[in-house]
Amino acid sequence: MKISQRLYLTVMPAILGVLLMGALVYWGQYARTAPSVIVFGGSIAALASLALTWSNARYVSGRIERLATGAATHRAAASATSMSNAAAVTANPRDEIDEIERAVDRLSSAVELAEASQADRERLFERRAQDYARLLATVADASAQRLEEVRLPLHILLENHFGELNDNQEEMLGAARAAAEAADADMVSLRQIAELDLGERPLRKDRIKPSEVIEALRPLLVAAADSEGIAVEVEIAPLLPAVDGDRALLQDALATLMRGALTSAPAGSRVQVRVDRDGRFIRFGVAGGGTPPLSVRWAAAGRVVDAHGGAVERRTDGLWITLPVSRAAR
């Protein structure tokens, strides 16, 4: 029996009550044995009960039928049931609730399979990321060794003249040494990225005041801005709480990120370096700064900020770096 039929059957007591009240009205009034107020009051109550029961039965049965229709659509795409299940269905016909339960079971199974598959993919991606980080560290170490083998002969040739070199030869050797030193610096940054991703780089827990960091970086930032013809203004909010982290790594990362944003701003523009508090974070900003191209040193600096629980956000209005406030200052 369907649920809608069961709901409509619940109307029967109300119908029976109306009939009984009608009989009471007829025979009660005829014999003058029941008060008129009770008779008419009971009739109104029975009619109201019938109306409410009928309305609720129609509403609930309609909703269940719509749900069952949707469940039947899912069932049409499912595989056929076994013979034992078919025999059971024949003995006990399905109703809408059965369809809904089966649909929920199928959806639950699908969700479990999707979650298991997602977990497998995440584990696979994590293993691959670790493999890539180890490979990156190996390549960085090997490349740094080979670059050192190149830098040393170049240094010897430039510092100790074993023969006369013309200006062009000295310029080429100097450019080769500068390129080797730049490549070596990139290899160091790559090695740092790999160590941070693998968790092999120990981080100090220094108590760092944001105002002290910016004051230490102010001459560097002003000099970088002046060399590009950019006006820079530094604004530090008062009474900023400290942050926890590796002072040397964080200061170098902030210098790399903020200097890159400054030097990428259009010539002649005005840039503002801001330090303020945003909830549970300290925010370092270069408002009006540009967006430098992604480089190895920039990526390494971003990894340092990430390792300290912060984030680097490049927006149209500049660069913004957030670091969590020290737990002792929250």
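Each remark here, short or long, concerns the structure printed above.
Note that the structure is predicted; figures quoted are calculated from it, not measured.

### Things to note about the environment of Glu228
Next, step 1: Structurally, the position occupied by Glu228 is in the loop between helix 7 (210-227) and strand 2 (231-236).
Next, step 2: For the pair Glu228 and Ala265, spaced 37 residues apart in sequence, the C-alpha to C-alpha distance is 8.6 Å.

### Re the nonpolar core
One recurring pattern in soluble globular proteins: nonpolar side chains tend to sit buried together.
Next, step 1: One finds Met258, Phe284 and Ile321 to be the most contacted residues of the largest nonpolar core, which totals 34 residues.
Next, step 2: Those elements that place two or more of their residues in this core are helix 7, helix 8 (247-263), strand 4 (270-278), strand 5 (281-287), helix 9 (296-307) and strand 7 (318-324).
Next, step 3: Here this core gets 9 residues from one element, more than from any other, and that element is helix 8.
Next, step 4: Apart from residues lying up to four places away in sequence, Phe284 is in contact with Pro210, Ile214, Leu254, Arg274, Val275, Leu319, Trp320, Ile321 and Leu323.

### Considerations on the pairing of strand 7
Next, step 1: Across the 7 residues of strand 7, 7 count as buried, placing the element largely inside the fold.
Next, step 2: Inspection of the sheet shows strand 5 paired to strand 7 by 7 bridges, in the antiparallel sense. The residue bridging Phe284 from the neighbouring strand is Ile321, located in strand 7.
Next, step 3: Two elements, strand 6 (residues 311-315) and strand 7, share 5 bridges in a ladder whose sense is antiparallel. When the bridges of strand 7 are listed, Arg314 appears paired with Leu319.
Next, step 4: Here strand 6 folds back onto strand 7 in antiparallel fashion, the turn holding 2 residues.

### Comments concerning the side chain of Asp206
Next, step 1: Mapped onto the elements of the fold, Asp206 is located in strand 1 (residues 206-208).
Next, step 2: Among the residues examined, Asp206 registers a relative accessible area of 15% and is labelled buried.
Next, step 3: In this structure the side chain of Asp206 is engaged in a polar contact, spanning 2.9 Å, whose partner is the side chain of Arg204.
Next, step 4: A distance of 3.2 Å separates a polar atom in the side chain of Asp206 from the backbone nitrogen of Arg247.
Next, step 5: Look past the residues within four positions of Asp206 in its chain and what remains in contact with it is Val243, Asp244, Gly245, Asp246 and Arg247.

### Here we look at helix 8
Next, step 1: When the terminal C-alpha atoms of helix 8 are compared, their 24 Å separation across 17 residues agrees well with the 24 Å that a helix rising 1.5 Å per residue should span.
Next, step 2: Those residues of helix 8 that fall on the buried side of the exposure criterion are Leu249, Leu250, Ala253, Leu254, Ala255, Thr256, Leu257, Met258, Gly260, Ala261 and Leu262.

### Notes on the packing of helix 7 against helix 8
Next, step 1: The interhelical angle for the contact between helix 7 and helix 8, taken along N-to-C directions, is 35°, at an axis separation of 10 Å. Once helix 7 is placed against helix 8, the crossing between them reads as right-handed. Residue-level contacts link Glu212, Val213, Ile214, Ala216, Leu217, Leu220, Leu221 and Ala224 of helix 7 to Arg247, Gln251, Leu254, Ala255, Met258, Arg259, Leu262 and Thr263 of helix 8.
Next, step 2: Broken down by class, the residue content of the contact of helix 7 with helix 8 amounts to 11 nonpolar, 2 polar and 3 charged.

### As for the packing of helix 8 against helix 9
Next, step 1: One way to put it is that helix 8 packs onto helix 9 with a least axis distance of 9 Å and a crossing angle of 130°. As judged from the angle between their axes, helix 8 and helix 9 are oblique. Viewed along their axes, helix 8 and helix 9 form a crossing whose handedness is left-handed. Across the interface between the two elements, Leu249, Leu250, Asp252, Ala253, Thr256, Leu257, Arg259, Gly260 and Ala261 of helix 8 pack against Arg297, Trp298, Ala301, Gly302, Val304 and Val305 of helix 9.
Next, step 2: For the contact of helix 8 with helix 9, the residue count by class is 9 nonpolar, 3 polar and 3 charged.

### Brief notes about the sheet that holds strand 7
Next, step 1: Taken in spatial order, the 5 strands make up an open sheet running 2-4-5-7-6, and their pairing is mixed. The two strands at the open ends of the sheet, each matched to only one other strand, are strand 2 and strand 6. Mean inter-strand twist for the sheet, computed between neighbouring axes without regard to direction, equals 15°.
Next, step 2: With respect to the sheet, helix 7 is in contact with strand 2, strand 4 and strand 5, its orientation differing from that of strand 2 by roughly 175°.

### Structural notes on a negative patch on the surface
Next, step 1: A cluster of acidic residues, Glu164, Asp167, Glu170 and Glu171, forms a negative patch at the surface.
Next, step 2: Here Glu164 shows up in the loop between helix 5 (96-159) and helix 6 (167-198).

### Some points on helix 7
Next, step 1: Given a rise of 1.5 Å per residue, 18 residues ought to cover 26 Å, and the 25 Å separating the end C-alpha atoms of helix 7 matches this to within 8%.
Next, step 2: The largest bend along helix 7 reaches roughly 45° and is located at Arg218, with the proline Pro219 sitting one to four residues downstream.
Next, step 3: Every buried residue of helix 7 is accounted for by Pro210, Val213, Ile214, Leu217, Leu221, Ala224 and Ala225.
Next, step 4: On its buried face, helix 7 is in contact with strand 1, strand 2, helix 8, strand 4 and strand 5.
Next, step 5: Two residues or fewer past helix 7, Gly229 is found with a positive phi of approximately 70°.

About the thresholds
- Residues numbered from 1 in each chain as written.
- Predicted model: local features only at pLDDT ≥ 70, side-chain atom pairs only at ≥ 80, totals over all residues.
- Heavy atoms only, no water.
- Helix = DSSP H or I, 4+ residues; strand = E, 2+ residues; numbered from the N terminus.
- Core = buried A, V, L, I, M, F, W, Y, C linked by side-chain atoms within 4.5 Å.
- Buried < 20%, exposed > 50% of the residue type's maximum accessible area, 1.4 Å probe, protein only.
- Contact = heavy atoms within 4.5 Å.
- Pairing = 2+ DSSP bridges.
- Polar contact = N/O pair within 3.5 Å; in protein donor to acceptor, adjacent residues only side chain to side chain.
- Expected span 1.5 Å × (residues − 1).
- Axes fitted to C-alpha atoms, helices over the stretch in contact; angles between N-to-C directions.
- Left-handed = near helix turned anticlockwise from the far one by under 90°.
- Nonpolar A, V, L, I, M, F, W, Y, C, P; charged D, E, K, R; others polar.
- Parallel < 35°, antiparallel > 145°, perpendicular 65-115°, else oblique.
- Patch = residues over 30% accessible without salt bridge, like charges linked within 9 Å, V, L, I, M, F, W, Y side chains within 5 Å.
- Areas by Shrake-Rupley, 256 points an atom, 1.4 Å probe, with all protein chains shown as cover.
- Salt bridge = Lys/Arg side-chain N within 4 Å of Asp/Glu carboxyl O.
- Lys, Arg positive; Asp, Glu negative; His and termini not counted.
- Charge placed at Lys NZ, Arg CZ, Asp CG, Glu CD.
- Bend = angle between axes of the 7 residues up to and from the residue.

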